[in-house]
Structures are given as C-alpha cells and as structure tokens.
Amino acid sequence: MDKLDERILQELKLNGRLPNVELAERVGLSPSATLRRVQELERRKVIRGYRVVLDNQKMGCGFIAYVAIGLSDHSKKAQNGFEEHVRYVKEVVECHNITGTNEYLLRVETASLADYKRFHSDVLGECHQVNSITTMVVMESPKDDRR
C-alpha cells in the first residue's frame, strides 16, 4: 500500500459513495487508475464493504450505554457461552473481549432507559456466566467516527 492508496482510503472513509471521477480528482489520478486501485483494495479485503450510517434518534434509539461484563468463570467455555448468549441480541451492537477487571465491553442501544432496564434484567440478568455488570451511560458523543 502506498500514499495514493492511503489517500483513496481516507476519502472513501469520509464518503463511501463518492463518485469515482470526484475521488480521482481528489487524489490526483485518472478515473481509470483510481478505479483499478479501489478494485484492488476491495479484492485484497482492505476495503471490506460499504455501509449506511443511520441517525440513532430518528431510528428510535434514545439510550446508549457501554456495559462492562465480568464473568463468574474465566474458562473458554464460559466465554463461549456468554458470547453465544449475546450474539443475536439486537440491543448489543458491539461486543468486545477485553483485558483488565472485566472480560467484555458491550455497546448497548435501546429506545429508552426503561428498555435498557428490561435488557439488563431479561438478557444480562438471565445469563448464568455473568458475575458483574457495570453500566456507563453515554450522555453525549462529541466525536464518533463510526457515525
């Protein structure tokens, strides 16, 4: 990967729907050379895909929290059990296995605090691998490059 590829990726990161002609102008290449580079980045899986960024408020998500999860057992079996428990839960939009006092950090999005309370008791509270739950409520996001 060279500087031109990095410039292409930076532009596409800001706007994945940028037309190839405009992308070419921004990086200083011909449209055909730019397209070949983008296709090669896609082929090599440097660019894994394109996505739509939704407005959480307009989609009915008014509550976001990061939730640190401590497991009662530190075995691989317990980790697999917890991961399977949250894998298809729609409120869990991110699940990270982390180092430190807790084993997992979740990003949880719900419509309201009341909905989070139900998630807390009905999903996390019913998972026998969970020993501790620490909720950190997002009050504001002055920077979030994923959005």
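Residues numbered from 1 in each chain as written. Predicted model: local features only at pLDDT ≥ 70, side-chain atom pairs only at ≥ 80, totals over all residues. Heavy atoms only, no water.

Undergrad: Give me the lowdown on a nonpolar patch on the surface, citing residues and values where you can.
TA: Judged by side-chain polarity, Val52, Leu54 and Met59 come together as a nonpolar surface patch covering roughly 330 Å² of accessible area. Residue placement: Val52 occurs in the loop between helix H3 (31-43) and strand S1 (63-71). (Patch = residues over 30% accessible without salt bridge, like charges linked within 9 Å, V, L, I, M, F, W, Y side chains within 5 Å. Areas by Shrake-Rupley, 256 points an atom, 1.4 Å probe, with all protein chains shown as cover. Salt bridge = Lys/Arg side-chain N within 4 Å of Asp/Glu carboxyl O. Helix = DSSP H or I, 4+ residues; strand = E, 2+ residues; numbered from the N terminus.)

Undergrad: Provide a residue-level description of the nonpolar core, including the pertinent values.
TA: Core analysis: the largest hydrophobic core is formed by 19 residues, its most contacted members being Val67, Ile69, Phe82, Leu106 and Phe119. The element that contributes the greatest number of residues to this core is S1, accounting for five residues. Excluding residues that lie within four positions of it along the chain, Val67 makes contacts with Tyr104, Leu105, Leu106, Val108, Tyr116, Leu124, Ile133, Thr134 and Thr135. Core analysis: the second largest hydrophobic core is formed by eight residues, Leu12, Leu18, Leu23 and Val27 among them. (Core = buried A, V, L, I, M, F, W, Y, C linked by side-chain atoms within 4.5 Å. Buried < 20%, exposed > 50% of the residue type's maximum accessible area, 1.4 Å probe, protein only. Contact = heavy atoms within 4.5 Å.)

Undergrad: Please set out H3 residue by residue, giving values where relevant.
TA: Taking 1.5 Å of rise per residue, the 13 residues of H3 would be expected to cover 18 Å, and the 18 Å separating its terminal C-alpha atoms lies within 8% of that figure. Taken together, the buried residues of H3 touch helix H1 (3-14) and helix H2 (20-27). (Expected span 1.5 Å × (residues − 1).)

Undergrad: Explain the environment of Tyr88 to me, using residue names and the numbers behind them.
TA: With respect to the secondary-structure elements, Tyr88 resides in the loop between helix H4 (76-87) and strand S2 (92-97). For the pair Tyr88 and Leu54, spaced 34 residues apart in sequence, the C-alpha to C-alpha distance is 20 Å.

Undergrad: I'd love a proper account of the environment of Glu25, names of residues and values included.
TA: Tracing the backbone through its elements, the reader meets Glu25 in helix H2. Note on Glu25: relative accessible area 60%, which makes it exposed. The spatial distance from the C-alpha of Glu25 to the C-alpha of His96 is 38 Å, given a sequence separation of 71 residues.

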